[in-house]
Amino acid sequence: MAVLTETDLITIRRELHQHPELALHETETHERLLTIIADFNQTHLQVRTLPELPTAILIRVTGSAPQRTIGYRTDIDALPVTEATGLAYASQNPGIMHACGHDVHMAVALGVLSYFAEHQPQDNLIFFFQPAEESENGGKLAYEMNAFEADWRPDEFYGLHDNPDLPAGAIGCRMGTLFAGTTEVNVDFTGKGGHAAYPQDANDMVVAAAAFISQIQTIVSRNVDPIEGGVITLGKLEAGTIRNVIAETAHIEGTIRGLTQTMIEHIDDRIRDVAAGIARSFNAEVTVSLNQGGYLPVENDPALTANFINYMKENESIEFIETAPAMTGEDFGYLLSKIPGTMFWLGVGDDAQLHSATLTPDESAIQAGVDAITGFMTYRMLH
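Residues numbered from 1 in each chain as written. Predicted model: local features only at pLDDT ≥ 70, side-chain atom pairs only at ≥ 80, totals over all residues. Heavy atoms only, no water.

**Student:** Run through the nonpolar core, naming residues and quoting values.
**Tutor:** Within the largest apolar cluster, 50 residues are counted, with the highest numbers of intra-cluster contacts made by Val-108 and Phe-129. No other element matches the ten residues that helix α3 (residues 102-118) contributes to this core. Phe-129 has contacts with Leu-33, Ile-37, Thr-55, Ala-56, Ile-57, Ile-59, Thr-74, Ile-76, Met-106, Ala-109, Leu-110 and Leu-113, leaving out every residue within four places of it along the chain. (Core = buried A, V, L, I, M, F, W, Y, C linked by side-chain atoms within 4.5 Å. Buried < 20%, exposed > 50% of the residue type's maximum accessible area, 1.4 Å probe, protein only. Helix = DSSP H or I, 4+ residues; strand = E, 2+ residues; numbered from the N terminus. Contact = heavy atoms within 4.5 Å.)

Okay, structure coming up:
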């Protein structure tokens, strides 16, 4: 197969869109990707899978006169979202959708890989088709499994995320932090259940949980520098079984977002303090579980990102937009904490937002993304 055309890429994207799979279960996606890659010119390619992370794929493209190894990562998993686009190629897997655009990400990566399979690069390239970005920390898992050792370790890593707020095909980036880091929060309350008519004999965990939720709202407004910013969202609350029984237990789940790891840890500490105060106030047991394996902030390397932005700005065929930091979480932050690199946005021009059941990316962005990335990588090999 020659270099994938725009028509090929759109067809592939739609096939992938029809068969989304959740984190660590991307078996059909994995097989489809391997089938497509097997049709590329194999002269300079080496394909590798990981027994410990069976849906991951690594491809090494051997350079003609390598001075460095450049890495490119794409994610492959989907979300537990029921699609409501009404498209002819909508998800065929009930309750699962590529609502974050990873089908677009994969199509772009395949387009770039097909180009360099036909046009041997000067430097070595590593393409990482990564499972489990939306949950389970797939990038961290792969790194800890020594996926990037010896000849498979990039000297620098790049990756994109689609952005419906940017015009289709535009490239967005910034120096410093692009995406926030995250911590996942679980809080469990244990008191004493009882009859609704005898509250004096019980210890109501609905009331304790409500007090906790109210106090948590003051952390960002009164403990976080407004210039730095932070987000706490408590998205799930479970308590009680019936209207006339005082709840013995309650359970809350939420997420913390911050643009620096220091800020995230500060918010973590304040949540523990509030929980301890609620426990004393309500004579209850309050257990806080903070997933410190949450996603690190995506912090772009200064020198590499300056070079990337300069190329995008100076290329007249590319619309470059300097973007503000986003509170979006992305596990590419872990890989960038180990290997320097840059993450950037690819505009897909849509009214719907990421993770929406109606997300419909403009497919003209795919070829534009391929062109921008192949152009940058070729430039990077000479500079």
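**Student:** Before we move on, could you go through unusual backbone geometry and cite the residues and values that matter?
**Tutor:** At Ala-132, a position not held by glycine, the phi torsion is positive, near 60°. Examined against the element boundaries, Ala-132 turns out to sit in the loop between β4 (124-130) and α4 (138-144). For Asn-283, which is not glycine, the phi dihedral falls at a positive 50°.

**Student:** With reference to specific residues and values, describe helix α9 (residues 364-380).
**Tutor:** The end-to-end C-alpha separation of α9 is 25 Å, in line with the 24 Å expected for 17 residues at 1.5 Å each. Burial within α9 is extensive, with twelve of its 17 residues counted as buried. Looking at α9, one finds that the buried residues are Ala-365, Ile-366, Gln-367, Gly-369, Val-370, Ala-372, Ile-373, Thr-374, Gly-375, Phe-376, Met-377 and Arg-380. (Expected span 1.5 Å × (residues − 1).)

**Student:** Report on the side chain of Thr-323, specifying residues and quantitative values.
**Tutor:** Tracing the chain through its elements places Thr-323 in the loop between β14 (320-322) and β15 (326-329). Assessed through its relative accessible area of 11%, Thr-323 is described here as buried. Among all residues touching Thr-323, those that are not within four sequence positions of it are Leu-166, Gly-172, Cys-173, Arg-174, Leu-178 and Trp-345.

**Student:** Give me the lowdown on the packing of aromatic side chains, citing residues and values where you can.
**Tutor:** Going through the model one piece at a time under the given rule, you end up with 16 aromatic pairs. Measuring from ring centre to ring centre gives 5.2 Å for Tyr-158 and Phe-376, while their planes differ by 70°; the resulting arrangement is edge-to-face. Here the residue Tyr-158 occupies a position in strand β5 (residues 156-163), and Phe-376 occupies one in helix α9, the gap between them amounting to 218 residues. On the basis of relative accessible area, Tyr-158 is assigned to the buried category, the value being 2%. Phe-376 sits in the buried class, given a relative accessible area of 3%. A centroid spacing of 4.7 Å and a plane angle of 70° characterise the contact between Phe-179 and Trp-345, whose relative ring orientation is edge-to-face. Here Phe-179, found in strand β7 (residues 176-190), pairs with Trp-345, found in strand β16 (residues 341-347); they are 166 residues apart in sequence, far enough to count as distant. Taken together through their ring pairs, the aromatic side chains of Phe-128, Tyr-143, Phe-148, Phe-157, Phe-332 and Tyr-334 make up a single cluster. The ring of Trp-152 carries Arg-48 above its face, with NZ or CZ at 5.1 Å from the centroid. (Phe/Tyr/Trp six-rings, centres within 6.5 Å; stacked < 30°, edge-to-face > 60°. Lys NZ or Arg CZ within 6 Å of the ring centre and 35° of its normal.)

**Student:** Got a sec to walk through the sheet that holds strand β2 (residues 53-61)? Specific residues and values, please.
**Tutor:** One open sheet accounts for eight strands, arranged β1-β2-β4-β3-β5-β16-β6-β14; its pairing is mixed. The sheet is open, and its two edges are formed by β1 (45-50) and β14, each paired on a single side. The mean angle between the axes of side-by-side strands here comes to 25°, regardless of whether they run parallel or antiparallel. Pairing analysis gives six bridges linking β1 to β2, with the strands arranged antiparallel. Within β2, the position partnered with Leu-50 by the bridge is Leu-53. Packing of helix α2 (residues 27-38) onto the sheet brings it into contact with β1, β2 and β4, and relative to β2 it is tilted by some 20°. Against the sheet, helix α7 (residues 302-314) makes contact with β5, β6 (171-173), β14 and β16, and its axis sits at roughly 35° relative to β16, the strand it touches most. (Pairing = 2+ DSSP bridges. Axes fitted to C-alpha atoms, helices over the stretch in contact; angles between N-to-C directions.)

**Student:** Kindly report on the packing of α2 against α3, identifying the contributing residues and their values.
**Tutor:** α3 packs onto α2 with a crossing angle of 20° between their chain directions and a minimal axis gap of 11 Å. In terms of orientation, α2 lies roughly parallel with respect to α3. The two elements α2 and α3 meet at a crossing, and its hand is right-handed. On α3, the residues touching Thr-29, Leu-33, Ile-36 and Ile-37 of α2 are Met-106, Leu-110 and Leu-113. (Parallel < 35°, antiparallel > 145°, perpendicular 65-115°, else oblique. Left-handed = near helix turned anticlockwise from the far one by under 90°.)

**Student:** Explain α2 residue by residue, including any values.
**Tutor:** For α2, spanning twelve residues, the distance from its first C-alpha to its last is 16 Å, which sits close to the expected 16 Å at 1.5 Å a residue. Buried within α2 we find Thr-29, His-30, Leu-33, Ile-36 and Ile-37. For α2, the angular spread of buried residues about the axis comes to 130°, placing them on one side. (Arc of directions from axis to C-beta.)

**Student:** How would you explain the environment of His-251 if you had to name every residue and give the values?
**Tutor:** Here His-251 shows up in strand β11 (residues 249-258). Using a relative accessible area of 16% as the deciding quantity, one classes His-251 as buried. Spatially, the C-alpha atom of His-251 lies 24 Å from that of Asn-223, the residues being 28 residues apart in sequence. At 2.8 Å, the side chain of His-251 and the side chain of Glu-253 are in polar contact. (Polar contact = N/O pair within 3.5 Å; in protein donor to acceptor, adjacent residues only side chain to side chain.)

**Student:** Tell me about the pattern of salt bridges, and please be specific about residues and values.
**Tutor:** Pairs can form between side chains of opposite charge whenever their charged atoms are close. This structure, assessed with the given rule, holds 14 salt bridges. With its nearest N and O atoms 4.0 Å apart, the salt bridge here joins Glu-156 to Arg-68. With a gap of 88 residues between them, Glu-156 in strand β5 and Arg-68 in the loop between β2 and β3 (69-75) connect regions that are remote in the sequence. Taking relative accessible area as the criterion, Glu-156 reaches 4% and is therefore assigned buried. Given the relative accessible area of 18%, Arg-68 is considered buried. Between Arg-73 and Asp-75 there is a salt bridge; the shortest N-O distance is 3.7 Å. In this structure Asp-75 comes out as buried when scored by relative accessible area, which is 0%. Ionic contacts of the salt-bridge type, sharing partners, join the residues Arg-13, Arg-14, Asp-103 and Glu-363 into one network. (Salt bridge = Lys/Arg side-chain N within 4 Å of Asp/Glu carboxyl O.)

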